[in-house]
There are 2 protein chains.
Amino acid sequence: MTQSFRLGVAGLGTVGASVVRMIARRSEALRSMTGREIRVTAVSSRDKARDRGLDLAGVTWFDDPVALAGAGEVDCVIELIGGAEGPAKATVEAALAAGKHVVTANKALLAKHGAALAQAAEARGVALAYEASVAGGIPVIKALREGLAGNTVSRVYGILNGTCNYILTRMEREGLTFEACLKDAQALGYAEADPTFDVEGYDTAHKLAILTSLAFGVEIDAEGVSVEGISAIQPLDLKMAEELGYRIKLLGVAQAAAGGIEQRVHPTMVPLSSSIAQVMGVTNAVTIDADAVGELTLIGPGAGGEATASAVVADVADVAAGVLRTTFGRPSAHLAPPQRIAMQRHEGGYYIRLTVHDRPGVAAGVATRMAERDISIESILQRRDERAASKDPHGRSGQPVPLVLITYAATEGTIRDALEAIAGDGLLAEAPQLIRIERE
Amino acid sequence: MTQSFRLGVAGLGTVGASVVRMIARRSEALRSMTGREIRVTAVSSRDKARDRGLDLAGVTWFDDPVALAGAGEVDCVIELIGGAEGPAKATVEAALAAGKHVVTANKALLAKHGAALAQAAEARGVALAYEASVAGGIPVIKALREGLAGNTVSRVYGILNGTCNYILTRMEREGLTFEACLKDAQALGYAEADPTFDVEGYDTAHKLAILTSLAFGVEIDAEGVSVEGISAIQPLDLKMAEELGYRIKLLGVAQAAAGGIEQRVHPTMVPLSSSIAQVMGVTNAVTIDADAVGELTLIGPGAGGEATASAVVADVADVAAGVLRTTFGRPSAHLAPPQRIAMQRHEGGYYIRLTVHDRPGVAAGVATRMAERDISIESILQRRDERAASKDPHGRSGQPVPLVLITYAATEGTIRDALEAIAGDGLLAEAPQLIRIERE
């Protein structure tokens, strides 16, 4: 009989505890699927005393995850410590150096050190698997790496951060401010005490960088992602979006363009009728545009102990069955070097919300500056405060008013140049709001 | 260097031609991903003379696909002939008997002979892969078989037939009849000259049976699927559905229930806000409910040469890389025998559209028959022809009128019993329309 496949779980938080339980619960099915018994033989965590409700009888406890990584009773290390440096990195490095397979949910580690770790895994002929690092329980790594082998991918984009999508969903549904929704998200445990990493887009950027490498066969380049979060989005933008037939989502987008690959994270207007626009709350979604399949969309849970554990256990089952994929879908030496495209060169439609002084000629002045740069306007929307305006014989309130423009495709550089000129003309009462439009 | 992986393509229709082109086009990427050169070394088709625009230099032509299956220059046979019997079956059997891997897009063959073929593949230690057989380019077989290994699935359902979804989409959007839309679908090549197989739900049933086996670890049981097509759906039903917050889709549903697994194909009311309700035209979608991930939805192209070839080539890449999965996710001997649940025992909500005589007491009579059987009504909608009714002092037209009921969960047996009683009371001017509701 084939030997059992022995797991060392480093990190026993919510996900770690779910993994231990799932491996036990699915024991028979996993044996049937992989041809081997899979069992947890070692665990490591900071606090041994804490009651996690786990049956750890017969399981070796390690205070030091690096010691677990080198232990003889472990074939595969499951790294759930988190963080790009420190014990997580040391544990994964030690495991790979010892010739152990590694399964991890650590997007920050992959994004920052993925290239070196992939080489280490290749050198030892072991797996470095990370389905859980992107979009939680959605098997998107598998879909990109294996399911679309026949395709050339042109774009991959998605809602990769549940915290942001939860906040945007509530802002839209209830007309609340970003700050109010963030507070609620924190109270519900959807957002950290320091929410910067999530709401400013860095978490999405790490996940996007992983998807980019797989989708385009290039070296991972998290530093090359242009990042913008959702903290500047105002209820008015969500309202305007809906009127114009869009919904605002924080998207990570990787797109092949002339000369390289754009990688960008930003609040985005997506058509109300698109699959991705229907994704509300903490749910994640990824859409892949590829030459043979056209458009493929995967929607599912982006976080949570059980959903993340589901992805971890899928990786474990693959490795136990002897399926060892190269980390980024092909040998490191075959990955193309990243070719960044500056955000200034991004071409697309834009939603521009200006806050202008309410006086004659302002709209004309704005339109002129756009026209001078060959920027075509698809629609223009001006909202006056009707009550205030009614007091004035010319229908003007004296208060600054929003002026919203939707442009046809233009480069970001040109748009920013036009906005500078408009600001220079003294037409703006506030800094402009700029949201990119992503079409299906 | 590793030997090249040699493909024999049996069937050079749209999909076969796409496969040949895709293997050539993705040659370098596939070599990088799998570590082997993959090339087409043999082909077979009925008509050698036809110009397919393919470069078949150096490729051996076989008039007989069974001869191709046994040929020395072939490691893997790609069966794209179609049909559950005849040359398709003979080719696959010959290939497996000769110890060749098989990749197929043939759902009918799998549905009918999958169990025997899986055993033959296991006996020879070769792969029998069929990603292309369900939902075209969506990698749903991979998701179920590998990506959800940690999950217990409770339900899998989907839009698995593009022809039906196209017809329903047009009926809904344009208020057209089934017959008119079918004619258009035939003219556009979305429906066959004899459309029975698609529109009466049999194609969906074959695909569902495959998903059921994978999702629940049971022997494939296509005969156990209860099947109902879309030909009886009327424009009025689509209109009523929308008013009630639903959309009508032809779904295949497999669901764990007490004592077994329900497998059913029927027109279904799905909530307008659900992901699956957004799926329009020839697109396919599959939703999987499972304990760890909750809900996972995959949306993509269900048919077409390139999309289907994409799934075929993904299977080829797996097999070339040495990844040999058991056909239904676990050894045949580990699959549980099917346990059918009769449709009469299905429990769910129902949309019932009655055509009743327009006279006093009819609604009360209907409601009484329901109440007698403990069927709770969620909503009731009666539409009179206002013009006709306005001529009568009591607001009655004398014409039969539609009476629509939405029920809370009840068993199909009870509902059918109530409808029989209502018919027996002489209240109905036409046979009732019954559409099941599927909640998220």
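Residue numbers restart at each chain and count upward from 1, following the sequence in its written direction. Lettering of chains starts at A and numbering of ligands starts at 1, both following the order in which they are written. Predicted model: local features are reported for residues with pLDDT of at least 70 only, side-chain atom pairs are reported and counted for 80 or more only, and whole-chain, interface and lining totals are derived from all residues. Computation of side-chain values covers all heavy atoms of the structure but excludes hydrogens and water.

## Things to note about the pairing of strand β9 (residues 246–257) of chain B
Every other side chain in a regular strand lies on the same face of the sheet, so the side chains alternate between the two faces.
All names here are of chain B.
Phase 1 of the analysis: Counting buried residues in β9 gives 9 out of 12 residues, a clear majority hidden from the surface.
Phase 2 of the analysis: Strand pairing follows a simple DSSP-based rule, namely that at least 2 bridges must link the two strands. A helix here means a DSSP run of H or I that spans at least four residues, while a strand means a run of E at least two residues long, and both kinds are numbered starting from the N terminus. Of the pairings in the sheet, the one linking strand β7 (residues 153–159) to β9 comprises 4 bridges and is antiparallel in character. What sits directly across from R155, in β9, is Q255.
Phase 3 of the analysis: Sheet topology note: the β9/strand β10 (residues 260–271) ladder contains 12 bridges and is antiparallel. What sits directly across from R247, in β10, is V270.
Phase 4 of the analysis: Hairpin geometry of β9 and β10 is characterised by an intervening segment of 2 residues between the two adjacent antiparallel strands and by a positive phi of about 90 degrees at G259. Per-residue accessibility, obtained with a 1.4 Å probe over protein chains only, is compared with the maximum for each type, and a residue is labelled buried under 20%, exposed over 50%, and partly exposed between these values.

## A word on the interface of chain A and chain B
Phase 1 of the analysis: Contacts are residue-level and defined by heavy atoms, with any inter-residue pair within 4.5 Å sufficient. The interface of chain A with chain B comprises 45 residues on the first partner and 45 residues on the second.
Phase 2 of the analysis: By convention, the term buried area covers the 1.4 Å-probe accessible surface removed from two parts as they join, with the contributions of both added. When chain A packs against chain B, close to 3600 Å² is buried across both sides, 53% of that on carbon and sulfur atoms.
Phase 3 of the analysis: Should a side-chain nitrogen of Lys or Arg be within 4 Å of a carboxyl oxygen of Asp or Glu, the pair is scored as a salt bridge. Run the count over chain A and chain B and you get 6 salt bridges.
Phase 4 of the analysis: Per-class residue counts for the side of chain A that touches chain B are 22 nonpolar, 13 polar and 10 charged.
Phase 5 of the analysis: Across 3 bridges, strand β12 (residues 294–301) of chain A lies against strand β12 (residues 294–301) of chain B in antiparallel orientation. For this classification, the nonpolar set comprises Ala, Val, Leu, Ile, Met, Phe, Trp, Tyr, Cys and Pro, the charged set comprises Asp, Glu, Lys and Arg, and every other residue, Gly included, is treated as polar.

## Concerning the domain arrangement of chain A
Phase 1 of the analysis: Either an automatic procedure or a domain database provided the assignment from which the domain bounds are taken. Per the domain assignment, the segments making up chain A are domain 1 (5–133), domain 2 (148–301) and domain 3 (344–437).
Phase 2 of the analysis: If you average the C-alpha positions of domain 1 of chain A and of domain 3 of chain A, the two centres end up 53 Å apart.

## Comments concerning the relation of the copies chain A and chain B
The relation between the two chain copies is a rotation about an axis coupled with a shift along that axis.
Phase 1 of the analysis: In the superposition of chain A on chain B (RMSD 0.0 Å, axial shift 0.0 Å), the rotation amounts to 180 degrees. Considering both components of the superposition, the chain copies are consistent with a two-fold axis. Taking C-alpha positions as reference, the residue of chain A nearest the rotation axis is L298 of chain A, located at 2.3 Å.
Phase 2 of the analysis: Comparing contact sets, 100% of the residues at the interface of chain A also lie at the interface in chain B, consistent with an isologous, same-surface contact. In this comparison the copies share one frame, found by least squares on the C-alpha atoms of residues holding pLDDT of at least 70 in both.

## Some points on the side chain of S18 of chain B
Residues and elements named next belong to chain B.
Phase 1 of the analysis: Inspection of the secondary structure puts S18 in helix α1 (residues 14–25).
Phase 2 of the analysis: A residue is classified by how much of its surface remains accessible, and S18, at 4% relative accessible area, is buried.
Phase 3 of the analysis: As used in this structure description, the phrase polar contact means that two N or O atoms lie within 3.5 Å; if the pair is within protein, one of them must be able to donate a hydrogen and the other to accept it, and residues adjacent in sequence are counted only when both atoms belong to side chains. Of note is the side chain of S18, whose polar atom sits 3.0 Å from the side chain of E306.
Phase 4 of the analysis: Among residues more than four places away in sequence, those in contact with S18 are G305, E306 and A309.

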